Amino acid sequence: MGFTEVLEHVGSMGRFQIVYVTLVSIPVLMMACHMILQNFTAGTPDHHCAPSRDAVPRNWSSKDEARLGVSLPMDENRKPAECHRFRQKQWWHSNGTAENETQMETEPCRDGWVYNRSTFQETIVTEWDLVCSSRTLKQMAQSIYMAGVLIGGILFGGLSDRFGRQPILLWCYLQLATTGTATAFSPNFSVYCFLRFLTGMAFSGIVLNGVSLCVEWTPTKTRPVLGTINGCVYTTGQLILAGLAYTFRDWHHLQLVVSLPYFLFFCYSWWLSESARWLITAGKLERAVTELKKVAKMNRKEEAAGKLNVEFLRSKMKEELASMTSKTSLLDLVRTPTMRRISLCVCFVWFSTSFAYYGLVMDLQNFGGNIYLIQLFFGAVDFPAKFLSVFTISYIGRRFTQAVTLILAGLSILANIFIPQDMQTLRTTVAVFGKGCLGTSFNCIYLYTGELYPTVLRQTGMGLGNTMARLGGIVAPVVKMTGEYVPFLPNLIYGAAPIITGIVATFLPETRNIPLPETIEQVENR
């Protein structure tokens, strides 16, 4: 049984695990805030050209529209044009004389823009005028952040397998706190993007190491509940973001509110124990004994603590310790047949889940209506979805849950192609259902990946999955742009990807009620 037997000896689900999981889960509340923060910090309010530099009001309301006709052309909805103005004032608007606007000579907005600040008081869009010819910079900022998450997954996944989970987690808390706070004081857009890149790197390190620490300190039978708890904490963070964004309409303040708490997380996380699983496989048996004794005492198993020593570990984990003679590398993920099949399927699942997920959740303004309420709906749907998933994960299996949620998500996205645009309520409801399925898929794959890979490669495997997820997040905005040429093409691609991947997921081995593998040999033989 290996480490499973050792963990049962010191208490596999006692006070230590409850406190440990709680402390690791609290920072997850703010993780969702950082991932989808640009829905609010980069919100694009209604805007139009400033008529002249000496006549730019601080705010704009619909009452001003009637007076703008002499300076600005109107669009098809009779709203002031966003990116052009008349070269000369058209006084015929004020005296009611009919005139053909299309014949009037226009020019780009040379004196800046006027923004409607009723929804967003200040965003990076209004601060650096990321509109009209610069509007693609907003999407570029999000792609740069996702690139940071991608690089962080590669870097911190490997580092934690080499140096341990706890020190890398501590560093990532500090990095996110520092760069997230500094982002609020960015003097220009370039500095903002650089700091967001570093924040994205830290995000990956926190997710990877937090999940692994919780999984490696808890028994097999409780891991589905653990995964659901973490998923619900992340979902709660989405609801918190809606409230924070509604309260703090200035992006500087919102950025600070979601970043400063990580200084506190950094301070208390010094208490967190290093994974004893990792310490044993790394050959640090004396420190592993120390950590296990701490667990036994906190779980009120003093007698078990007294029996713990290096020889006890050697007797219980002979096979795992024998595997230490061979070093592992990234190639070990694909060197053997079963590992190769697992890695290929895991890459598909992570990529497609993230690809479709961020295609839905990172452009809430396109749904119309109150963006804060939409954020609440998108967050709230995860609760029933994840509570339902805990039953399917626990009693039916990981493979079934993974495959079914992906296929249902894809079908819901494809369904929106055939629902008329004027049926906004139905379209939003279907999209929310699809988002719930994708959230459940994320919940499952985080747990599933940790169970599929052996301890010696667990973080490397998680890093590979994280890498594919971030690639999906980077590609999603690019696919959205294809809608300018073929309106239904983005939904077709977003929907087809998870359906195909749901079928691929059926080739993964089931891990329900199976102890975590410690070595590659155990994965190949099970």
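Not measured: the values here are computed from a predicted model.

J.: An account of the overall build of the protein is requested, with residue identities and associated values reported.
T.: What the protein contains, in helices and strands, is 25 helices and four strands. Residues counted as buried form 58% of the 526 residues belonging to the protein. For the protein, the exposed surface amounts to about 22200 Å²; the carbon and sulfur share of it is 64%.

J.: Can you tell me about the packing of helix H7 (residues 136-163) against helix H9 (residues 189-216), naming the residues and giving the values?
T.: Two elements in contact, H7 and H9, have axes separated by 6 Å at closest approach and are oriented at 40°. The orientation of H7 with respect to H9, classified from their angle, is oblique. In the crossing of H7 with H9, the sense of the turn from one axis to the other is right-handed. Along the lines of polarity and charge, the residues of the contact of H7 with H9 split into 18 nonpolar, 11 polar and one charged.

J.: Residues and numbers for the pattern of salt bridges, please.
T.: If you walk through the whole model with that rule in mind, you get three salt bridges. Across the pair Asp-382 and Lys-435 runs a salt bridge, and its minimum N-O distance is 2.9 Å. Pair noted here: Asp-382 is in helix H20 (residues 382-396) and Lys-435 is in helix H22 (residues 424-452), with a separation of 53 residues, a long-range link. Given the relative accessible area of 1%, Asp-382 is considered buried. Relative accessible area serves as the criterion here: at 0%, Lys-435 is assigned to the buried category.

J.: Go over the nonpolar core, please, and point to the residues and values.
T.: The biggest cluster of nonpolar side chains holds 112 residues, and the ones touching the most others in it are Met-35, Tyr-262 and Tyr-358. Per-element accounting of this core gives the leading share, 13 residues, to helix H18 (residues 337-361). A domain split of this core shows at least three residues from each of domain 1 (1-46 + 122-325) and domain 2 (328-525). When near neighbours in sequence (up to four residues on either side) are disregarded, Met-35 contacts Gln-142, Tyr-145, Met-146, Val-149, Phe-203, Tyr-234, Tyr-358, Met-362 and Arg-470. In this structure, Cys-49, Cys-109, Tyr-115 and Tyr-192 belong to the second largest nonpolar core, which totals 16 residues.

J.: An account of the side chain of Ser-25 is needed here, citing residue identities and associated values.
T.: Turning to its location among the elements, Ser-25 is positioned in helix H2 (residues 15-25). Accessibility expressed as a relative area gives 6% for Ser-25, which makes it buried. The residues touching Ser-25, leaving out its near neighbours within four places in the chain, are Asn-230 and Val-233.

J.: I'd love a proper account of the environment of Thr-338, names of residues and values included.
T.: If you trace the backbone, Thr-338 turns up in helix H18. By relative accessible area, which is 15% here, Thr-338 ends up buried. Along the primary structure Thr-338 and Glu-524 are separated by 186 residues, whereas in three dimensions their C-alpha atoms are 5.7 Å apart. Other than its neighbours up to four places away in sequence, Thr-338 contacts Val-523 and Glu-524.

J.: Provide a residue-level description of the side chain of Thr-218, including the pertinent values.
T.: Residue placement: Thr-218 occurs in the loop between H9 and helix H10 (223-247). The buried category is assigned to Thr-218, whose relative accessible area is 2%.

J.: Which residues make up the packing of helix H23 (residues 458-480) against helix H24 (residues 489-505), and what values do they have?
T.: Between H23 and H24, the least distance of the axes is 9 Å, while the angle of their chain directions is 150°. When the axis of H23 is compared with that of H24, the two are roughly antiparallel. Contacts from Ala-476, Val-479 and Lys-480 in H23 reach Pro-490, Ile-493 and Tyr-494 in H24. Tallied by class, residues from the contact of H23 with H24 come to five nonpolar, no polar and one charged.

J.: So, unusual backbone geometry: which residues are in play, and what are the values?
T.: The backbone phi angle of Asp-129 is positive, close to 50°, even though this residue is not glycine. Note on placement: Asp-129 falls in the loop between helix H6 (124-128) and H7. Here Asp-129 falls in the partly exposed class, since its relative accessible area comes to 25%. Located in the positive-phi region is Asn-513, a residue other than glycine, with phi close to 60°.

The rules behind the values
- Residues numbered from 1 in each chain as written.
- Predicted model: local features only at pLDDT ≥ 70, side-chain atom pairs only at ≥ 80, totals over all residues.
- Heavy atoms only, no water.
- Helix = DSSP H or I, 4+ residues; strand = E, 2+ residues; numbered from the N terminus.
- Buried < 20%, exposed > 50% of the residue type's maximum accessible area, 1.4 Å probe, protein only.
- Areas by Shrake-Rupley, 256 points an atom, 1.4 Å probe, with all protein chains shown as cover.
- Axes fitted to C-alpha atoms, helices over the stretch in contact; angles between N-to-C directions.
- Parallel < 35°, antiparallel > 145°, perpendicular 65-115°, else oblique.
- Left-handed = near helix turned anticlockwise from the far one by under 90°.
- Nonpolar A, V, L, I, M, F, W, Y, C, P; charged D, E, K, R; others polar.
- Salt bridge = Lys/Arg side-chain N within 4 Å of Asp/Glu carboxyl O.
- Core = buried A, V, L, I, M, F, W, Y, C linked by side-chain atoms within 4.5 Å.
- Domains from an automatic or database assignment.
- Contact = heavy atoms within 4.5 Å.

In short, shape yes, function no, at least from these values alone.
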